[in-house]
2 protein chains.
Amino acid sequence: MRSDKSALVFLLLQLFCVGCGFCGKVLVWPCDMSHWLNVKVILEELIVRGHEVTVLTHSKPSLIDYRKPSALKFEVVHMPQDRTEENEIFVDLALNVLPGLSTWQSVIKLNDFFVEIRGTLKMMCESFIYNQTLMKKLQETNYDVMLIDPVIPCGDLMAELLAVPFVLTLRISVGGNMERSCGKLPAPLSYVPVPMTGLTDRMTFLERVKNSMLSVLFHFWIQDYDYHFWEEFYSKALGRPTTLCETVGKAEIWLIRTYWDFEFPQPYQPNFEFVGGLHCKPAKALPKVLWRYKGKKPSTLGANTRLYDWIPQNDLLGHPKTKAFITHGGMNGIYEAIYHGVPMVGVPIFGDQLDNIAHMKAKGAAVEINFKTMTSEDLLRALRTVITDSSYKENAMRLSRIHHDQPVKPLDRAVFWIEFVMRHKGAKHLRSAAHDLTWFQHYSIDVIGFLLACVATAIFLFTKCFLFSCQKFNKTRKIEKRE
Amino acid sequence: MRSDKSALVFLLLQLFCVGCGFCGKVLVWPCDMSHWLNVKVILEELIVRGHEVTVLTHSKPSLIDYRKPSALKFEVVHMPQDRTEENEIFVDLALNVLPGLSTWQSVIKLNDFFVEIRGTLKMMCESFIYNQTLMKKLQETNYDVMLIDPVIPCGDLMAELLAVPFVLTLRISVGGNMERSCGKLPAPLSYVPVPMTGLTDRMTFLERVKNSMLSVLFHFWIQDYDYHFWEEFYSKALGRPTTLCETVGKAEIWLIRTYWDFEFPQPYQPNFEFVGGLHCKPAKALPKVLWRYKGKKPSTLGANTRLYDWIPQNDLLGHPKTKAFITHGGMNGIYEAIYHGVPMVGVPIFGDQLDNIAHMKAKGAAVEINFKTMTSEDLLRALRTVITDSSYKENAMRLSRIHHDQPVKPLDRAVFWIEFVMRHKGAKHLRSAAHDLTWFQHYSIDVIGFLLACVATAIFLFTKCFLFSCQKFNKTRKIEKRE
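Residues numbered from 1 in each chain as written. Chains lettered and ligands numbered in written order. Predicted model: local features only at pLDDT ≥ 70, side-chain atom pairs only at ≥ 80, totals over all residues. Heavy atoms only, no water.

Chemist: Sorry, what's going on with empty space enclosed by the protein here?
Modeler: Summary: where empty space remains is shown by rolling a probe the size of a single water molecule over the atoms. The full count for this structure, using the stated rule, is 5 cavities of 30 Å³ or more. Among the residues making up the lining of the largest cavity, the classes are represented as 20 nonpolar, 2 polar and 4 charged. (1 Å grid on protein atoms, 1.4 Å probe; cavity = no way out; pocket = protein on both sides within 12 Å on 5 of 7 lines; lining within 4 Å. Points joined across faces, edges and corners; volume = space filled by probe spheres on them. Nonpolar A, V, L, I, M, F, W, Y, C, P; charged D, E, K, R; others polar.)

Now the structure itself:
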């Protein structure tokens, strides 16, 4: 309905171009599934404000509904190879394999999957950047900004080829490696946990040791397994040696899909904007009792229970009678719960879900149960806990109050910074000089080395002088004695 | 005029309390002079929004006009000792002594002055906190928030004694030490220059060496000279051992009087808000030609030049015919120039002024001249440069565009966060866990030590095993040979 409305508004605005002082052209490199649901909200707002939005997609996406009438424009590229098999592998992995594994095994398994499919991802990228007709058309359109989900590589490469400034939209990369290495996000290991490890900002000594070791491990592992692969491909495409971080690091703004209601407070760079929950909105009214259920209607079902194929989760969470939310811990759902102040029972499965639930647990708004070992009693006990122990509701309400009390709403902030990049052709005043330093300069390794060398030289010279003086003194004394 | 208007609005709002959803009580610990001019703008806005604002002051301030009718309330404490002499020493220092010194000497001299007068500052603090009538009255008023300029110590101590959450307003502390040590502001020394050194974010190797050494030096020097003195006093007043950083570090929000139009981009904590230029406003019309001059009218003065005792600087800078701004580099003036996009000729004298001009030089909007050695030709050449070389005007205009293109105006953001602290009784969700770590935990010294010890033990054990095996092997061979 929203997109019907915005399609109409878009047409009107296209005619008069009055939505904003500046009507620009936005090119989007999205990621499918829940990522798309989130980014779509930004795109619809951009449309409402009078911008022209073009989305790049391959021909068989899951949720990117390019066939439906929409105010969004689509550039669809046909993949030379079917991706159905990979989709099936992923669904099997998520539902059957990952939940049975430990965190660490799960991260490795998920990364292995990405390593397996990166041949396909590379092929997908090639079918865009080596499609001369498409690239010529895009070049000639003169886009003002690109909005890129960097989870699927290639968007930043396209931006570089088209010479268009770009904004990233991201929840988190594996181990937070992209934000830290390419975005220069500082992460003091004493209170900033490595993402996806389930650690919090308050760690014991041994947890801090673990955090430091995992940080180093993640860094080198991902650099080795993943970055080097893409660097070769990017360098070939650009015709000059480059690194993945060099290209991703050119982002003008990083729109992070969290906020301080969810995050542990940590330092960040001025070009990071935390816009978590931008998709949330007030709930609409619902029928009195209801149940989302697709199967045959159970004969024992009470008369006061209605079955539906699908219920809008946001409206359900915003219903005043909603007491708790059982969730796999996806970011969109977590934010709907925060928005409406509903305590959670988390059953994380893979990716950032374990971490998301760990955050909500640390903030006292959720109880976690293990998907692998859970029984119906576990679920019942967890539900009873978050419903009867009032602290869970209080904490959920506290997070909700924090979420609602911001100077500017997350969606408006996201759109503001995209428009800022359009108006000013970038946002270089927010980009730290760290981007122009090598890693050993960045961490002052050369300076520390130099100062240590100075100290060593000073000690050496002092010792030499001292020994020399002693020798002299001894000689003089011997001569004196002889005399 | 503003204060007359706001006094009226205040009276009306006091009657109906409609300025905001929540009308609160604000207690202010200000610093005099230009600091006061800046903070007053925030206070007037708080008044307009219906809050009750009480300012603490001693009886002989310079610019804190507590005798004039105003919507602000004042709590005036009579100092047992006259401060006129110290004011005179300061003026002499600023005008005659400091400009003749190098940066480094100037910083030391200025700090020496503060060390000299801290007896008076301590006495001033005592005359507030040990004034039982006043403290009882303040306690009973139940303030919702304190707004504190930490350049003069004591405000944070009062907040602690009154158990009121507080917000700091600050341009910069000496060497940035307070923000870094007490506010946990990260400062990677490779691209974040130590303030007041004139260094920028793009440093040569030797400048980075200098920056690192100065950072360490500043830290220990200020800890030794200043912090220990106040720690003893604070501990006595609170009746328990404390540090200055522990008390200052309890600030809910740090309102910094700069923004990214002026600052070099650097990482910061979520409870830092950059509200530079909050006092700026559009210029009012001026007469056609004019000159601020207090002395006797020169006989050679042309008929087209008018003399005035005082001209509002902001209106002058906003005049379309203003080509350049000759400034000592005070923060308020710099921001008026940024606001109106006027290039500058900087003649820094002391404090943060050298640094302020260094920032504007690095951003291409100013030329600097040395106050100590300058001749009229130098001034003329500098003026000609910023007027005729169009890059200065372009850069000043670029900074101005950045300044004006923010999602929320600086003054509104400052007031928003003060009101946020009132509404939520703090802003703990923005306070990083770094505050609860010791310095060696914060910098992971213990973790690094532990890991190095592990590596050393492993090497030791490996070597022992290897040597033991070699010995065994040799013995066996010897026995074999004998046999």
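So, next bit.
Chemist: Sorry, what's going on with the sheet that holds strand E12 (residues 366–368) of chain A here?
Modeler: Sheet strands pair via backbone hydrogen bonds, and the direction of the pair is either parallel or antiparallel. Residue and element names in this part refer to chain A. With respect to topology, 3 strands assemble into an open sheet ordered E10-E11-E12, the strand pairing being parallel. Each of the sheet's edge strands pairs with one partner strand only, and the pair in question is strand E10 (325–327) and E12. Each strand axis lies, on average, 20 degrees off the axis of its neighbour in the sheet, ignoring direction. The strands touched by helix H13 (residues 376–388) within the sheet are E10, strand E11 (344–346) and E12, with E11 carrying the most contacts at an inclination of about 150 degrees. (Pairing = 2+ DSSP bridges. Helix = DSSP H or I, 4+ residues; strand = E, 2+ residues; numbered from the N terminus. Axes fitted to C-alpha atoms, helices over the stretch in contact; angles between N-to-C directions. Contact = heavy atoms within 4.5 Å.)

Chemist: Teacher, can you tell me more about the nonpolar core here?
Modeler: Nonpolar side chains in soluble globular proteins generally cluster together in the buried interior. With 230 residues, the main nonpolar core has Met146 of chain A together with Met146 of chain B as its most contacted residues. Leaving out residues up to four positions away in the same chain, methionine 146 of chain A has contacts with Leu27, Trp29, Leu56, Gly155, Met158, Ala159, Leu162, Val164, Pro165, Phe166 and Val167 of chain A. Val347, Val367, Ile369 and Val386 of chain B belong to the second largest nonpolar core, which has 8 residues in total. (Core = buried A, V, L, I, M, F, W, Y, C linked by side-chain atoms within 4.5 Å. Buried < 20%, exposed > 50% of the residue type's maximum accessible area, 1.4 Å probe, protein only.)

Chemist: Help me understand the pattern of salt bridges, please; the structure alone is not making it clear to me.
Modeler: Pairing between side chains of opposite charge can happen when their charged atoms approach one another. Residues and elements named next belong to chain A. This structure, assessed with the given rule, holds 40 salt bridges over all chains. When the shortest N-O distance is used, the salt bridge between arginine 49 and glutamate 419 registers 3.7 Å. Of this pair, arginine 49 sits in the loop between helix H2 (34–48) and strand E2 (52–58) while glutamate 419 sits in helix H15 (residues 410–424), and the two are 370 residues apart along the sequence. We note a salt bridge from glutamate 160 to lysine 250, for which the minimum N-O separation is 2.8 Å. (Salt bridge = Lys/Arg side-chain N within 4 Å of Asp/Glu carboxyl O.)

Chemist: Please explain a nonpolar patch on the surface as it appears in this structure.
Modeler: Taken together, the side chains of Trp439, Phe440, Tyr443 and Ile445 of chain A define a hydrophobic patch exposed on the protein surface, amounting to about 480 Å² of accessible area. Here phenylalanine 440 of chain A falls in the partly exposed class, since its relative accessible area comes to 36%. (Patch = residues over 30% accessible without salt bridge, like charges linked within 9 Å, V, L, I, M, F, W, Y side chains within 5 Å. Areas by Shrake-Rupley, 256 points an atom, 1.4 Å probe, with all protein chains shown as cover.)

Chemist: What's the story with the relation of the copies chain B and chain A in this structure? I'm lost.
Modeler: One chain copy maps onto the other through a rotation about an axis and a shift parallel to that axis. The transform that puts chain B on chain A rotates by 180 degrees and translates by 0.0 Å along the axis, for an RMSD of 0.1 Å. Overall, the copies show the geometry of a two-fold rotation axis. Interface residue correspondence from chain B to chain A reaches 100%, placing this contact among same-surface, isologous pairings. (Least-squares fit on C-alpha atoms with pLDDT ≥ 70 in both.)

Chemist: In this structure, what is going on with the interface of chain B and chain A? I would like to understand it.
Modeler: How big an interface is tends to be stated in terms of accessible area lost as the parts join. Counting residues at the interface gives 45 residues for chain B and 45 residues for chain A. Where chain B abuts chain A, roughly 4,100 Å² becomes buried across the two surfaces, and 65% of that area is made up of carbon and sulfur atoms. Our enumeration of links across chain B and chain A arrives at 6 salt bridges. Applying the counting criterion to the chain B and chain A interface returns 13 residue pairs in polar contact (both at pLDDT 80 or more). Elements supplying a minimum of two residues to the side of chain B that touches chain A: helix H8 (205–238), helix H14 (390–404), helix H15 (410–424), helix H16 (439–442) and helix H17 (445–482) of chain B. (Buried area = accessible area lost by both parts, 1.4 Å probe. Polar contact = N/O pair within 3.5 Å; in protein donor to acceptor, adjacent residues only side chain to side chain.)

Chemist: Where do I start with H2 of chain A in this structure?
Modeler: The α-helix advances 3.6 residues per turn, and as a result positions three or four apart in sequence lie on the same side. Residues and elements named next belong to chain A. The terminal C-alpha atoms of H2, which comprises 15 residues, lie 22 Å apart, in line with the 21 Å expected from a rise of 1.5 Å per residue. Counted residue by residue, H2 has 11 buried out of 15 residues, so it is predominantly covered. Considered for burial, the residues of H2 that qualify are Trp36, Asn38, Val39, Lys40, Val41, Ile42, Leu43, Glu44, Glu45, Leu46 and Ile47. After H2 finishes, the residue glycine 50 shows a positive phi value of roughly 95 degrees. (Expected span 1.5 Å × (residues − 1).)

Chemist: What exactly am I supposed to notice about the state of the cysteines here?
Modeler: When the sulfur atoms of two cysteines share a covalent bond, that bond is a disulfide. Residues and elements named next belong to chain A. By the definition in use, this model includes 4 disulfides over all chains. Disulfide pairing places cysteine 125 opposite cysteine 154 at an S-S distance of 2.0 Å. Negative torsions about the S-S bond denote left-handed disulfides, and the value of about 75 degrees found for cysteine 125 with cysteine 154 makes this one right-handed. With cysteine 125 in helix H4 (residues 103–129) and cysteine 154 in the loop between strand E4 (145–148) and helix H6 (155–162), the pair connects residues that are 29 residues apart, well separated along the chain. Note on accessibility: cysteine 125 and cysteine 154 belong to one class, buried. In chain A, numbering the disulfide-bonded cysteines from first to last in sequence yields the connectivity 1-2, 3-4. Free cysteine: cysteine 454, not disulfide-bonded; nearest cysteine sulfur from cysteine 465 at 16 Å. (Disulfide = S-S within 2.5 Å.)

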